[in-house]
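A look at the structure
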Amino acid sequence: MRLAFVSLYTDQRRSDGATRRTRRIAERLAARGHEVVVLCAQWWEGPLDAFEQDGVEYVAVTRNLSVRTFASKLPFALRRAKPDVIHAANSPPSQVVAAKTAARFLRVPVVVDWWAIREDDSDGMLRRAVRKADRVIAPSELVKTDVREYGAAEADVTVVPSSIDFDLVSEAEIDNRADLVYARRLDEHANVESFLLALAELRDRDWRAAVIGDGPQREAAEETAAELRIDDRVSFLGDLPPAEFVPILKGAHVLAQTATDQPFARNLLWALACGCVGIVEYQARSSAHELVENCDRGVRVTSPQELADEVVAAADHARASINRSFARYGHGPVMETYEDLYAAERDDYGLF
């Protein structure tokens, strides 16, 4: 199948949760034998209009991040690409509207992958984007609710979670350096302070903790650990690739998820698959609690004190290094879901 991904912003130029999700999906589908082209603003050096990386062809629709220019040129780029399915990121919403213009001519469906809105996205354009989509994909029920509020019908939104490398989880060695782990980018939504406050409540107990991730709030988090007098027991490990953080998760007993904004808690998913007990501090703009619903190795809390109490209670769970009930989140099963959705939308167009 020939798939055209539409995303003005790319992970190589403007990395955030939305662009990382788009890149992972595109690369994984390319690895499964699909022809994948990403129509975007140019992020590579030189005069070339197209660039290939990791099996994905990137085509420059514009050379800058002008939303207006990108939307005006996109229909022509899509006609040249001749895709079987158009897969568009929801932000900026004008790219969805422009994609639909080309889709009518090409007689192909537009699938919109909704992650979050950016500050320049207007409500009016977001509502238009929802109306133009043949199918909207959301990473969680939280985001699905957001899409519904912009006018989408229940039946037109499908939840497709982010995926993990479950083969790596199965095969990785165990690294026992930490009992308790926090893992996420340390930005303004990280709320790592809740994790550190809970650890401070337990300073009289025997534990070792690790914070995996980097970002603008790392220095503040390290200062907080020092002020709480637990910095000698908390290791800040920075960003680690899966091959390095999965063994640490397999050796840990608890992962705490405290972030205030999380369309999909992928690091929590990694930890649950690695056998960790997941303790989620409930936040109104985080979907993390969805992963521990009906999970016997997961619990929700509402404060650092409750988090500390649940860390103690986690001792009732035997240590584990893998939880095979999360194999359904592996790359294979999740990519098959995308393929089935594409096929169903193509079938609705009478193209199969």
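See above for the structure.
Notes on the structure in this doc start here.

Let us look at the overall build of the protein chain. The helix and strand inventory of the protein chain stands at 13 helices and 16 strands. Taken over the C-alpha atoms alone, the protein chain extends approximately 65 × 35 × 35 Å along its principal axes. Out of the 352 residues in the protein chain, the part that is buried amounts to 54%. Look at the contacts in the protein chain between residues 6 or more apart in sequence, and 69% of them connect residues 24 or more apart. When the accessible surface of the protein chain is summed, it comes to about 15,400 Å², and 45% of that surface belongs to carbon and sulfur atoms.

Let's shift gears to unusual backbone geometry. Cis peptide bonds are those with omega within 30 degrees of zero, and the linkage from Ser91 to Pro92 qualifies with 0°. Here Arg107, not a glycine, exhibits a phi torsion of approximately 60°, which is positive. Residue position: Arg107 is located in the loop between helix H3 (93–106) and strand E6 (110–113). Of the residues examined, Arg107 reaches a relative accessible area of 47% and is grouped as partly exposed.

Turning our attention to the pairing of strand E3 (residues 50–53). Two strands pair when backbone bridges link them, and E3 and strand E4 (residues 56–62) are joined in this way by 4 bridges, in the antiparallel orientation. Following the sheet pairing, Glu52 is matched in E4 by Glu57. Between E3 and the antiparallel strand that follows it, E4, lie 2 residues; Asp54 among them carries a positive phi value of about 50°.

What follows concerns the sheet that holds strand E14 (residues 277–281). With parallel pairing, 6 strands are arranged side by side in an open sheet as E11-E10-E9-E12-E14-E16. At either end of the open sheet lies a strand with only one pairing partner, and these are strand E11 (234–238) and strand E16 (298–301). Between one strand and the next, the sheet's axes are offset by a mean angle of 20°, whatever the strand orientation. Contacts between helix H10 (residues 266–273) and the sheet are confined to strand E9 (180–183), strand E12 (254–257) and E14, with E12 contributing the most and set at about 165° to the helix.

Mapped onto the fold, Arg297 is located in the loop between helix H11 (289–292) and E16. Among the polar contacts listed, one links the side chain of Arg297 to the backbone oxygen of Ala318, at a separation of 3.0 Å. Every residue in contact with Arg297, bar those within four places of it in the chain, is listed here: His253, Leu272, Gly275, Cys276, Val277, Gly278, His317, Ala318, Arg319, Ala320 and Asn323.

Read across the sheet, 8 strands follow the order E3-E4-E2-E1-E5-E6-E7-E8 without closing on themselves; strand pairing throughout is mixed. Each having just a single partner strand, E3 and strand E8 (157–159) make up the two edges of the open sheet. The mean angle between the axes of side-by-side strands here comes to 25°, regardless of whether they run parallel or antiparallel. Across the sheet, H3 lies against strand E1 (2–6), strand E5 (85–89) and E6, angled at about 170° from E5, the strand it touches most.

You can see Asp187 is positioned in the loop between E9 and helix H7 (192–201). Residue classification places Asp187 among the buried positions, given a relative accessible area of 14%. A polar contact is formed between the side chain of Asp187 and the side chain of Arg184, at a distance of 2.7 Å.

A few words on the packing of aromatic side chains. According to the stated counting rule, one finds 9 aromatic pairs in the structure shown. Here the aromatic rings of Trp43 and Trp44 are separated by 5.4 Å at their centres, their planes lie at 90°, and the arrangement is edge-to-face. Exposure remark for Trp43: the relative accessible area of 18% places this residue in the buried category. Seen from their ring centres, Tyr338 and Tyr342 are 6.2 Å apart, and the 45° between their planes marks the pair as tilted.

A word on H7. The buried count for H7 comes to 7 of 10 residues, which makes it a mostly enclosed element. Every buried residue of H7 is listed here: Val192, Ser194, Phe195, Leu196, Ala198, Leu199 and Ala200.

To continue, consider the pairing of E5. Most of E5 sits inside the fold, with 5 of its 5 residues counted as buried. Alternating positions in E5 separate into two faces, Val85, His87 and Ala89 on one and Ile86 and Ala88 on the other, with burial throughout. Taken together, the 4 bridges between E1 and E5 define a ladder with parallel strand orientation. Note on E5: the bridge partner recorded for Ala4 is Ile86. Where E5 and E6 come together, 4 bridges link them in parallel fashion. Pairing of Ala89 across the sheet is with Asp113, part of E6. Regarding topology, H3 serves as the crossover connection from E5 to the parallel E6, and that connection is right-handed.

Next up on the list: the environment of Asp49. Checked against the element boundaries, Asp49 lands in the loop between strand E2 (35–41) and E3. The spacing of Asp49 and Arg118 is 69 residues in sequence and 27 Å in space, taken between C-alpha atoms. The contacts of Asp49, once residues within four sequence positions are left out, are Trp44, Tyr58, Val59, Ala60 and Arg63.

This brings us to the layout of surface pockets. Sizing a probe to match a water molecule and rolling it over the atoms shows the empty space that remains. In this structure, the largest pocket occupies an estimated 1,500 Å³ of space. Along its surface, the largest pocket is lined by 50 residues, and Asp16, Gly17, Arg20, Trp115 and Arg185 are the ones closest to its centre. Looking at the lining of the largest pocket, the elements that each hand over two or more residues are helix H1 (17–31), helix H5 (141–149), helix H9 (242–251), strand E13 (261–262) and H10. Its residues placed into classes, the lining of the largest pocket shows 21 nonpolar, 9 polar and 20 charged. Here the second largest pocket is characterised by a volume of approximately 280 Å³. Along the wall of the second largest pocket there are 19 residues; nearest its centre are Phe264, Glu290, Leu291, Arg328 and Tyr329. Of the residues assigned to the lining of the second largest pocket, the class counts are 9 nonpolar, 5 polar and 5 charged.

Calculation notes
- Residues numbered from 1 in each chain as written.
- Predicted model: local features only at pLDDT ≥ 70, side-chain atom pairs only at ≥ 80, totals over all residues.
- Heavy atoms only, no water.
- Helix = DSSP H or I, 4+ residues; strand = E, 2+ residues; numbered from the N terminus.
- Buried < 20%, exposed > 50% of the residue type's maximum accessible area, 1.4 Å probe, protein only.
- Contact = heavy atoms within 4.5 Å.
- Areas by Shrake-Rupley, 256 points an atom, 1.4 Å probe, with all protein chains shown as cover.
- Pairing = 2+ DSSP bridges.
- Axes fitted to C-alpha atoms, helices over the stretch in contact; angles between N-to-C directions.
- Polar contact = N/O pair within 3.5 Å; in protein donor to acceptor, adjacent residues only side chain to side chain.
- Phe/Tyr/Trp six-rings, centres within 6.5 Å; stacked < 30°, edge-to-face > 60°.
- Right-handed = clockwise from strand over helix to strand, strands pointing away.
- 1 Å grid on protein atoms, 1.4 Å probe; cavity = no way out; pocket = protein on both sides within 12 Å on 5 of 7 lines; lining within 4 Å.
- Points joined across faces, edges and corners; volume = space filled by probe spheres on them.
- Nonpolar A, V, L, I, M, F, W, Y, C, P; charged D, E, K, R; others polar.

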